Amino acid sequence: MIEKELAEISEENLIPAWGMLELTHRCNTKCSHCYVVRQKKTELSTREVKDVLDQLAEAGNLFLAFTGGEPFLRKDIYEILEYAVKKRFAVTVLTNATLLDTAAVKKLKKIGIHELSTSLYSLKAEVHDGVTRVRGSFLKVMRALKELKKAGISVKVKCPLLTVNYSEKKALTDFAKSNGFKILFDPTIAPKNDGNVENTGQKIEGEILAGVIKQHCAGWQYSTKFPERNVICSAGKNFIAINPYGDVLPCLQIPHTAGNIREKSLKEIWLNSPMLNKMRGMKLSDLKECVNCENIRYCNRCPGLALLESGSLYKKSGSACEMAAIRSGHCNG
């Protein structure tokens, strides 16, 4: 309830309470479904990252996630994390965990991060390593998870559901529960940030997707009233993202630059960006392909995914449409 009230207040007052900061696009794995497109630009320096953190704190940011690429490839990662915790952010780190040995986990424990989120694609080494395309990555993740549990660090396991691993959903859930880890599954595989769909070849569809969706019917409310926020998210309202090169984005899934913190202050970009103001002004009536859809109350449309799939923030998302149709047919109480 408190988080819901905070979300409403921060959105109404345009306070970027939630944020994500990509520290690098470099990575030591080559995951088959990865959406990141690395750019030939200079990453923010340690000093520049700290300056961003100062500005985020001043803007009212509370919950900050560091991601990549692989953030632990940065030599200054612990210095950055320590600075962020001292600025009183609730810090989450998104990582593939392959670089986390005993010493690294001890540093994270001492720094006092809020949560570590890592991907685990399977409990079978050959499947996990097949997704990362790096032999031995499974063993490294499992060792890291053991150390994180031992250190008492809060862990969230994230698992995109793919054709190669969807059948392990229960086993992964049991594994997470037995170790005290949170777990999050997601059947949505977004195209690359340049619109290339070559990374979506393993996404589940049809009867397989329907089977997964039906397992989560209880989490949906089916009333005649439809909350507009289900198809128009909070990106650019109470959520902000910044990529490794200083570009300010409404969300990492929406690769439209609102401005660059190397050229303007974060405050100026956040309050005055025409692109962000356009996002904030989006209404359900603007979504001409969606507003009269018979399945709209079953929809969880992501504007960023719609952009990558259709080329427009205002058009429908094929992935969202497919899932809404499944919920309509199977999750109607």
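Right, let's walk through the structure included here. Since this is a predicted model, take the numbers as computed values, not measurements.

Regarding its fold elements, the chain presents twelve helices and nine strands. For 333 residues, the compact-globule estimate of 2.2 N^0.38 gives 20 Å, and the chain sits close to it at 20 Å. Each of the three principal axes of the chain carries a C-alpha extent, and together these read 55 × 50 × 40 Å. In the chain, buried positions account for 50% of the 333 residues. Residue pairs in contact within the chain that sit at least 24 positions apart in sequence constitute 71% of those at least 6 positions apart.

Another aspect to go through is the state of the cysteines. Tallying each qualifying case throughout the model produces zero disulfides. The cysteine Cys299 is free of any disulfide, with Cys321 supplying the nearest cysteine sulfur at 6.2 Å. Residue Cys302 stays outside any disulfide, its sulfur separated by 5.9 Å from that of Cys233, the closest cysteine.

As a further point, take the packing of aromatic side chains. Tallied over the full model, the rule gives three aromatic pairs. Seen in terms of ring centroids, Phe72 and Tyr78 are 5.8 Å apart; in terms of plane orientation they differ by 55 degrees. Their pairing is tilted. Here Phe72 matches Tyr78 in class, with each residue buried. If you follow Lys107 out to its NZ or CZ, it ends over the ring of Tyr78, 4.7 Å from the centre. Sitting over the ring of Trp270, Arg280 keeps its end group 4.6 Å from the ring centre.

Right, let's talk about the pairing of strand β2 (residues 63–67) for a bit. Within β2, four of the five residues are buried, which leaves it mostly tucked inside the rest of the structure. Each parallel crossover has a hand, and the one from strand β1 (residues 18–22) via helix α2 (residues 46–59) to β2 is right-handed. Where β2 lies against strand β3 (residues 90–95), four bridges are found, and the strand directions are parallel. Bridging across to β3, Phe63 finds its partner in Ala90. The handedness of the β2 to β3 crossover, carried by helix α3 (residues 77–86), is right-handed.

Turning next to the packing of helix α5 (residues 125–132) against helix α6 (residues 137–151). Closest axis-to-axis distance for the α5/α6 pair is 8 Å, and the angle between their directions is 105 degrees. One finds that α5 runs roughly perpendicular with respect to α6. Counted together, Ala125, His128, Asp129 and Thr132 of α5 and Ser137, Phe138 and Val141 of α6 form the full contact between these two elements. Taken together, the residues of the contact of α5 with α6 break down into three nonpolar, three polar and one charged.

The rules behind the values
- Residues numbered from 1 in each chain as written.
- Predicted model: local features only at pLDDT ≥ 70, side-chain atom pairs only at ≥ 80, totals over all residues.
- Heavy atoms only, no water.
- Helix = DSSP H or I, 4+ residues; strand = E, 2+ residues; numbered from the N terminus.
- Rg over C-alpha atoms; globule rule 2.2 N^0.38 Å.
- Buried < 20%, exposed > 50% of the residue type's maximum accessible area, 1.4 Å probe, protein only.
- Contact = heavy atoms within 4.5 Å.
- Disulfide = S-S within 2.5 Å.
- Phe/Tyr/Trp six-rings, centres within 6.5 Å; stacked < 30°, edge-to-face > 60°.
- Lys NZ or Arg CZ within 6 Å of the ring centre and 35° of its normal.
- Right-handed = clockwise from strand over helix to strand, strands pointing away.
- Pairing = 2+ DSSP bridges.
- Axes fitted to C-alpha atoms, helices over the stretch in contact; angles between N-to-C directions.
- Parallel < 35°, antiparallel > 145°, perpendicular 65-115°, else oblique.
- Nonpolar A, V, L, I, M, F, W, Y, C, P; charged D, E, K, R; others polar.

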